[in-house]
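As a plain string of letters, each chain reads:
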There are 2 protein chains.
Amino acid sequence: MKVLLAEDDQNLGMILNDYLTAKGYETILCRDGEEALATFKKTDKLAICILDVMMPKMDGFELAEEIRQLDSEVPMIFLTAKSMKEDTIAGLKLGADDYITKPFSMEELLLRIQAILRRSQPSEPKRSQYTFGKFTYDYEKRLLQYDSQEVKLTSKEAELLKVFAQHINQTVDRTKALKLVWGDDSYFNARSMDVYIAKLRKYLKPDENVQILTVHGQGFKLVDLS
Amino acid sequence: MKVLLAEDDQNLGMILNDYLTAKGYETILCRDGEEALATFKKTDKLAICILDVMMPKMDGFELAEEIRQLDSEVPMIFLTAKSMKEDTIAGLKLGADDYITKPFSMEELLLRIQAILRRSQPSEPKRSQYTFGKFTYDYEKRLLQYDSQEVKLTSKEAELLKVFAQHINQTVDRTKALKLVWGDDSYFNARSMDVYIAKLRKYLKPDENVQILTVHGQGFKLVDLS
DNA sequence: ACCTTCTTGTTAAAAAACGTTAAATCGCGA
DNA sequence: TCGCGATTTAACGTTTTTTAACAAGAAGGT
């Protein structure tokens, strides 16, 4: 179980790191917000993020916002210096699942982590195989199958389809998809994505119950109506 | 899913409000017992009430009693200042479903809300198909059908029609519709909505028994007279 | 009833977003 | 380096949404 730990205080960082490691978590400790964001982008299957609010370069709130853009599911816990009401409000608006004020005991933090993970567990496990309509899509193999037909996808096609498959029947924001697949959302990447949307639609044509709908001004939605 | 929130502490009120809103609930925050009771009376389909015990004008217990008079079903959770045994006992007598002592984590409250809602409502499957008059409307497919005709709706058209379809024969406030479809209710969005109302009316013309009536100064109402 | 003010209806034009196709460029293995 | 598939850029077409302007309707005061 991977835990992202963003804490600039060397001392507290080490303590948390050691404690959570001892409890069986695989922790990744980052010393500032930017480092944490970079780590988040390149780390798969993070179970939870524990973010200090006060950090150099990028504070916990900015960090949380960026992370939410990339992943609307991953739970986050804030570490706040005092019981600052504004802090907790700001944090909760960003979709934090909990917050804990310093000083706190390790047990307390652990309990909250466990409580949150217990709940977020039943949310579908990260697969690499998806089905929608009459299709089977294997992300690892980059293979989209229908009846006995199969199409080999390129890496961008595969990444993009994975994003939609993971959010089936939910609209995925353009910027979110762009950040997940292209890393950032520039104008040209956006146009590039439009081209790829067209490609995916072509692949999905054989089953009319599966469609990529566009939500104008917002994003796209892979719907399965079968 | 509507949640009535009765909490006089401005700060905690906002935190709860924001958190639950972020989690997808439609919260209505009231600052005292009387306001909460008034709100309860005029609000339809409340899923659950979260009541602070200590409040001005009317405390949580009185409020609970009044609410029970009006609705013997609606679940209630009490927020108590301390782990006061008498409080919890008194509350439970009034038909409370749960109580939680301050301070508590958001996570904890959410879990309890979910637990109660899970058992009080076998989670009705969310429809995406509606019928009114001779029409069939499928929100997911964005398809409005009449006889053998069918119209493909744009995303805004689809969203707006869904809002009306979900409140058939009830008037929907302008601001409510605006917030649901456009995200906020600015002047320009309001004018935009008027344009869309016209579009929907055009689509609905084939069946004169189905109409979008305007409730001047308030909103619109989709009526089905057949 | 008449006037005023505010709200809503209607239509057209402007602007923004998205779709499609093809050409240009990139990157990598032969 | 060449070739080739993958990806990006460009150009142009289409659709959706917003904005504007004006007409019509409703509400309230005199």
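Everything numeric here is computed off the predicted structure, so don't read it as measured data.

**A word on the overall build of chain A**
Helix and strand counts for chain A stand at eight helices and twelve strands. Classification of the 226 residues of chain A by burial places 28% in the buried group. By sequence separation, contacts in chain A at least 24 residues apart represent 53% of the contacts at least 6 residues apart.

**Digging into the protein's contact with DNA strand C**
Ala 198 and Thr 214 of chain A together with Asp 194, Ala 198 and Thr 214 of chain B are the nearest of the 18 residues found near DNA strand C. Of all the secondary-structure elements, those providing two or more residues to the surface near DNA strand C are α8 (187-204) of chain A together with α8 (187-204) of chain B. In terms of residue class, the surface near DNA strand C is built from six nonpolar, six polar and six charged.

**Remarks on the protein's contact with DNA strand D**
Around DNA strand D lies a shell of 20 residues, among which Thr 154, Phe 188 and His 216 of chain A together with Thr 154 and Phe 188 of chain B are the nearest. Where the surface near DNA strand D is concerned, the elements lending two or more residues are α6 (155-166) and α8 of chain A together with α6 (155-166) and α8 of chain B. Residues of the surface near DNA strand D, tallied by class, amount to five nonpolar, nine polar and six charged.

**Details of helix α2 (residues 33-42) of chain A**
Residues and elements named next belong to chain A. Those residues of α2 lying buried are Gly 33, Ala 36 and Phe 40. Projected down its long axis, α2 shows its buried positions confined to an angular sector of 60°, all on one face. Among the exposed residues of α2, those oriented more than 90 degrees off its buried face are Ala 38 and Lys 42.

**Digging into the environment of Asp 184 of chain B**
Residues and elements named next belong to chain B. Position of Asp 184 relative to the elements: it lies in the loop between α7 (174-181) and α8. The exposure class assigned to Asp 184 is exposed, which follows from the 8 C-beta atoms found within 10 Å. The contact partners of Asp 184, leaving out residues within four places of it in the chain, are Leu 178, Lys 179 and Asn 189.

**Points about the sheet that holds strand β8 (residues 143-146) of chain B**
Residues and elements named next belong to chain B. A sheet is described by the order of its strands in space; here four strands give the open sequence β6-β7-β8-β9, paired in antiparallel fashion. Where the open sheet ends on each side, the last strands, each with one partner, are β6 (129-132) and β9 (149-152). The average undirected angle you get between the axes of adjacent strands in this sheet is 20°. With four bridges connecting them, β8 and β9 associate as antiparallel partners. By the bridge assignment for β9, Leu 144 is matched with Val 151.

**Quick notes on the environment of Gly 183 of chain A**
Residues and elements named next belong to chain A. Its place among the elements puts Gly 183 in the loop between α7 (174-181) and α8. A count of 10 C-beta atoms within 10 Å places Gly 183 in the exposed class. On a C-alpha basis, the gap between Gly 183 and Leu 70 in space is 9.5 Å, while along the polypeptide they are 113 residues apart.

**Section: the nonpolar core**
Formed by 28 residues in total, the largest nonpolar core has its most connected members in Leu 4, Leu 5, Ala 6, Ile 50 and Leu 51 of chain B. Secondary-structure elements contributing two or more residues to this core are β1 (2-6), α1 (10-22), β2 (26-30), α2 (33-42), β3 (46-52), α3 (60-70), β4 (76-80) and α5 (106-120) of chain B. Excluding its chain neighbours within four sequence positions, the residues that come into contact with Leu 51 of chain B are Ala 6, Gly 60, Leu 63, Ala 64, Met 76, Phe 78 and Leu 79 of chain B. Of all hydrophobic cores here, the second largest spans 26 residues; its members include Leu 5, Phe 40, Leu 51 and Leu 63 of chain A.

**Some thoughts on the confidence of the model for chain A**
Per-residue confidence for chain A gives a mean pLDDT of 85; residues scoring 70 or more make up 88%. Within chain A, α8 of chain A carries the highest mean pLDDT (96), whereas helix α4 (residues 85-93) of chain A carries the lowest (55).

**A few points about the packing of α6 of chain B against α8 of chain B**
Packed helices, taken two at a time, are described by the angle between their axes plus the distance between the axes. All names here are of chain B. Between α6 and α8, the shortest axis-to-axis distance is 10 Å and the interhelical angle comes to 80°. What the angle tells us is that α6 and α8 run roughly perpendicular. The residues of α8 that touch α6, namely those facing Lys 156, Glu 157, Leu 160 and Leu 161, are Tyr 196, Lys 199 and Leu 200. Residues of the contact of α6 with α8, tallied by class, amount to four nonpolar, no polar and three charged.

Analysis parameters
Residues numbered from 1 in each chain as written. Chains lettered and ligands numbered in written order. Predicted model: local features only at pLDDT ≥ 70, side-chain atom pairs only at ≥ 80, totals over all residues. Helix = DSSP H or I, 4+ residues; strand = E, 2+ residues; numbered from the N terminus. Buried ≥ 20, exposed ≤ 12 C-beta atoms within 10 Å, placed from the backbone. Contact = placed C-beta atoms within 7 Å. Near = placed C-beta within 6 Å. Nonpolar A, V, L, I, M, F, W, Y, C, P; charged D, E, K, R; others polar. Arc of directions from axis to C-beta. Pairing = 2+ DSSP bridges. Axes fitted to C-alpha atoms, helices over the stretch in contact; angles between N-to-C directions. Core = buried A, V, L, I, M, F, W, Y, C linked by C-beta atoms within 7 Å. pLDDT = per-residue confidence, 0-100. Parallel < 35°, antiparallel > 145°, perpendicular 65-115°, else oblique.

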